[in-house]
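# Report on the structure
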Amino acid sequence: DHHDLCKIDFKEEHPPVLLLSSNQGRTLKSSIYTDEDHSNSSQLSNTTMMNGESPQDATANYADNRASPSTNPVAPMRGVSDGKTVTAMSTHKGTTGTIFEAAFVDPAYTWPPAEGQGKNAIELQASTALIKSVAPNDRLDELDDDEVSLTPSMMSSDDEGAAASPRSRRNVQTTTTTTTKKRFGCCKSSNEQIISANSSNDLVSKSSSFGSRFQKGSKAERRAERQRRIIAKKKKRRREARARERYRRVPEGILIYRLDTSDRTITLVSGPSSNTDMNTLMTKMVVINAKPSSDISRRGIILTGVRGEIHTVVACEQRTAIAWLESMDMMLASSPNDATRAAMENQLGEGVAMNRVLSQKSTRSNWAKGKESKLSQTERDQIEERYVNLAAYSNNLIRAGAFPNSNANSQGKGKAAGGGGGIYYTVTQIHDDGEEYDEETLESIAKRRAVIKDSWDFFRMVCSLLRDKRKYDEVFRKMQLDPVYSYLNSMTGLNDPGDDMAMGGNIGADKPITQMHLAEYDDMSNSQIAKDLVRRAEVALPSLVEICKALAGSLGMEEVGVGPVKDASSALRKAEKKYEGDVLKVTDYCRALLVVKDFPTLLALLELARDSFGPLIRRVKLSTLKSDRNAKPGGYRDCIINLELKDHICEIQIHMWPMWVICGVDGFRHYRHCLEYSTDTFGDPYEALAGLDRKTMAELIVMAEEAVADMPLETLEWYHEKFILDYFAEVGLFLHHGLHEWAETTLRALIKLRCQSPDIGPDHHETITLYKYLEQALRAQKRIDEADEVAAKIAEYKQLKTNEKVEADKSTWDQWVTEPFESIVDPNKKEREEEERIKKEVRASKKAWRKIREERFRFLDAN
């Protein structure tokens, strides 16, 4: 994979600031990004440009990195690649913005290339082209002053008014090394260039010293300004030439477009391919509207130009399309500046009224709605700057392979599927000449990314927790169709008021069983009591192991677990949280677990335990398995037996296999997180996004794309559960961000994968949940007919589940019909009939249990 390493040389007063790796960034999750962090950090960027560079300088920056290596060794900074975020002067006076360059798919070609058609060769062609575009013998000082054309104001700067003071610049020397490796070889070529803020004659630094010794507007100062502009012109001409050369060698099937948000133009900067349709090729457009397309690859953008022309461009990579669309949405929300008006006049012709076109700018951008519509232009520029910095930084990390094991599940389809698309990805920020600009450092971007990454991880965790909760709920619904469930549901546990206060249960402080209170505990602290209980648990543990072995051997259970003994510190925390500090009410110091196959096996285990060691049983907790009781936080349900061994109360957790298989041993972690974050209060995981502003939502989408970078949507398979969850979480961001087309595209892909899964299928509750969100996305797009079709499918599923319940009821009891007039004569008849129905259901269920007991657990009669 291709990546560049950037080496930074600093003067003594500017110590090196190392770029944080993804793991280091995680430790900064509590850091809050502020302008103070911004201003106090060392001014470090991927490329520090000389005074007076133009946007064209920046866009050609990749091809211009050549010189001798740095003499001061600094640790290489992972994550810095050709997708740079650099700074340049605006070509339009008084305007700011960003220039993007990225690879898009030629409509005459398919992307990514089909298997066997040189998928890796595309990237090798692209990287080779970039290396060839650097002229090895070019030197900046080869150009004479006469070769540089100057404006009249520059020529007369010695004779006319005072020149503007140059922008304050830090004295930073930057060496950028571009390294390209062939995928199946050991060949490597590199180019390095030292770009110094000091010219060969130190004119820039001298100009500041002149300013301190001479009054403003002196001839020496004006000469320095004139010389600075001459140097900038030289660099501009050389860089423009190299940029033109660079894009002459773009591989077949790739088109390179440039987006300039300062004047809202998109321009084709590469040549066409051999099969390009020149009649439909979009070469330049002034954008007045941009929206996602319904392309199945989720990489398409529909553009509308100032002349009414409509073109669809498809990016080579998902994150390119997302970053461009977001930036264009920000761009269209701003009031048109002089550069935009000039670009529109250039396309429409001078004298053409543009009021009608310009009046549409605020109605089509999501950034011009709600509270974002009240933002000032300065605030919009700051938001755009931070967004594009984060997007470019994330792209750099991805292209540099900065994520460990990121390709573990991609099976070669990740970066290879992107091919050369990421090679031609650059971001350049442009600012007005003379504007004071404090460039955001890589360190501050890394800090902000760490905060956004933690937010994304939390939101993804909420989606995962609620997904598993829905699985638990669906499994329990199916378990209740078991013919013996009504009998189990009618049973009353021992010392089991449950935890549901609404049903007369306890909240923990009045737990009906406790550890034995010994006299010596009166003179001991809670910590000492807990340590003594731990010691007693270790004595009782061997006896618990023998009992569990006996139960498992009799019932043929394979899943059995014992211990470890709960430590004193954990017991103290649990007592403080649940039992008002009473460590004697902690009854799971000594614990074990058994996993039973189904409800008949659970009934057999309870009968066997009663007959084998009944006098030792202190509690049988069945409350969470009751249909009228709440589940544990997170939806989990189980049975607990407490028994007293060697004067110590132990705990046997009995898990139902259909529930256990969902999370396995991680079920307790699921329970703990659901309890800690109160996720049961969310009816929908996307509710966790409520209240987030649009800027944060856009940055979360960048993190989502970073998570799925190795698995484009079109390469996703039904068994890629990790990426399916990532895409599901991203759908929520799309729906809340107004990107309903991409939400629809992603949902249709996920529904297809769920239908292909042998464990799920089209009628599974997860598939139906995806259909519900699809209906929401379609209605947001005003596609009512399609939304109604999806709603009909959801209603059909609900009816199917109702029919399942009716059929299960018919198998255990007969139905009867009540005459309407009898309800009038006897108003209590319905209640009595309901009681009779339940009794009849229990009798039928008990009869079914006896039949199963005779067939599967005949040994219970012998006991």
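Definitions and limits used
Residues numbered from 1 in each chain as written. Predicted model: local features only at pLDDT ≥ 70, side-chain atom pairs only at ≥ 80, totals over all residues. Heavy atoms only, no water. Helix = DSSP H or I, 4+ residues; strand = E, 2+ residues; numbered from the N terminus. Buried < 20%, exposed > 50% of the residue type's maximum accessible area, 1.4 Å probe, protein only. Salt bridge = Lys/Arg side-chain N within 4 Å of Asp/Glu carboxyl O. Pairing = 2+ DSSP bridges. Axes fitted to C-alpha atoms, helices over the stretch in contact; angles between N-to-C directions. Phe/Tyr/Trp six-rings, centres within 6.5 Å; stacked < 30°, edge-to-face > 60°. Lys NZ or Arg CZ within 6 Å of the ring centre and 35° of its normal. Parallel < 35°, antiparallel > 145°, perpendicular 65-115°, else oblique. Left-handed = near helix turned anticlockwise from the far one by under 90°. Contact = heavy atoms within 4.5 Å. Nonpolar A, V, L, I, M, F, W, Y, C, P; charged D, E, K, R; others polar. pLDDT = per-residue confidence, 0-100. Arc of directions from axis to C-beta. Core = buried A, V, L, I, M, F, W, Y, C linked by side-chain atoms within 4.5 Å.

## A look at the environment of glycine 614
With respect to the helices, strands and loops of the structure, glycine 614 is situated in the loop between α17 (599-613) and β14 (617-621). Glycine 614 sits in the partly exposed class, given a relative accessible area of 23%.

## Here we look at the pattern of salt bridges
Going through the model one piece at a time under the given rule, you end up with 42 salt bridges. A salt bridge links glutamate 474 to arginine 477, with the nearest nitrogen and oxygen atoms 2.8 Å apart. Placement of the pair is glutamate 474 and arginine 477 together in helix α13 (residues 442-479), with a separation of three residues, close to one helical turn. Looking at glutamate 474, the relative accessible area reads 10%, which means it is buried. Salt-bridge contacts for aspartate 588 lead to lysine 566; the nearest nitrogen and oxygen are separated by 3.6 Å. Of this pair, aspartate 588 sits in the loop between α16 (568-578) and β13 (591-596) while lysine 566 sits in the loop between β12 (560-562) and α16, and the two are 22 residues apart along the sequence. Looking at aspartate 588, the relative accessible area reads 6%, which means it is buried. Members of the salt-bridge network, linked through shared partners, are Lys471, Glu721, Arg754 and Glu766.

## Some points on the sheet that holds strand β16 (residues 648-656)
Pairing is mixed across the open sheet formed by five strands, whose spatial order is β12-β13-β16-β15-β14. Edge positions in the sheet fall to β12 and β14, since each of these pairs with one other strand and no more. Ignoring which end each strand starts from, the neighbouring axes of this sheet average 15 degrees apart. The pairing of β13 with β16 spans six bridges and is parallel.

## What about the packing of aromatic side chains?
Going through the model one piece at a time under the given rule, you end up with 17 aromatic pairs. Seen from their ring centres, phenylalanine 458 and tyrosine 677 are 5.2 Å apart, and the 80 degrees between their planes marks the pair as edge-to-face. Of this pair, phenylalanine 458 sits in helix α13 while tyrosine 677 sits in helix α19 (residues 667-677), and the two are 219 residues apart along the sequence. Aromatic side chains tyrosine 686 and phenylalanine 728 sit 5.3 Å apart centroid to centroid with 35 degrees between the ring planes, which places their arrangement in the tilted category. One end of the pair, tyrosine 686, is in the loop between α19 and α20 (694-707); the other, phenylalanine 728, is in helix α21 (residues 721-737), with 42 residues separating them in the sequence. Each member of the pair, tyrosine 686 as well as phenylalanine 728, is classed as buried. Chaining the aromatic ring pairs together yields one cluster made of Trp456, Phe459, Tyr686, Phe728 and Tyr773. Above the plane of the ring of phenylalanine 476 lies arginine 637, whose end atom (NZ or CZ) is 4.0 Å from the centre.

## Focus on the packing of helix α22 (residues 740-756) against helix α23 (residues 765-780)
The interhelical angle for the contact between α22 and α23, taken along N-to-C directions, is 160 degrees, at an axis separation of 9 Å. Classified by the angle their axes make, α22 and α23 are roughly antiparallel. In this structure, α22 meets α23 at a crossing whose hand is left-handed. Contacts between α22 and α23 pair His740, Ala743, Glu744, Leu747, Arg748, Leu750, Ile751, Arg754 and Cys755 from the former with Glu766, Thr767, Leu770, Tyr771, Tyr773, Leu774, Ala777, Leu778 and Ala780 from the latter. For the contact of α22 with α23, the class distribution of residues is 12 nonpolar, two polar and four charged.

## Points about the packing of helix α11 (residues 377-399) against α13
Packing of α11 against α13 brings their axes to within 10 Å, and their N-to-C directions diverge by 85 degrees. Of the possible angle classes, the one that applies to α11 and α13 is roughly perpendicular. Across from Arg386, Asn389, Leu390, Tyr393 and Leu397 in α11, the residues of α13 making contact are Leu442, Ile445, Ala446, Arg448 and Arg449. For the contact of α11 with α13, the class distribution of residues is six nonpolar, one polar and three charged.

## Considerations on the confidence of the model for the chain
In the predicted model, the chain carries a mean pLDDT of 74, and 66% of its residues have values of at least 70. The least confident element of the chain, judged by mean pLDDT, is helix α1 (residues 22-26) at 31; the most confident is α21 at 96. Residue range residues 405-419 is modelled with pLDDT below 50. Its contacts to residues more than four positions away, or to other chains, number 34 contacts. pLDDT under 50 marks residues 433-438. Its contacts with residues more than four places away, or in other chains, come to 16 contacts.

## Considerations on α19
Considered for burial, the residues of α19 that qualify are Gly667, His670, His673 and Cys674. Along α19, the residues classed as buried sweep out an arc of 125 degrees about the axis, all on the same side.

## Focus: the nonpolar core
If you look at the biggest cluster of nonpolar residues, it comprises 82 residues, and the most contacted ones within it are Tyr257, Leu303, Trp324 and Met328. Not counting residues up to four positions away in its chain, the partners in contact with tyrosine 257 are Phe100, Glu101, Ala102, Phe104, Ile266, Thr267, Leu268, Val269, Leu281, Met282, Val313 and Trp324. If you look at the next biggest cluster of nonpolar residues, it comprises 66 residues, including Leu533, Ile547, Ala609 and Leu645.

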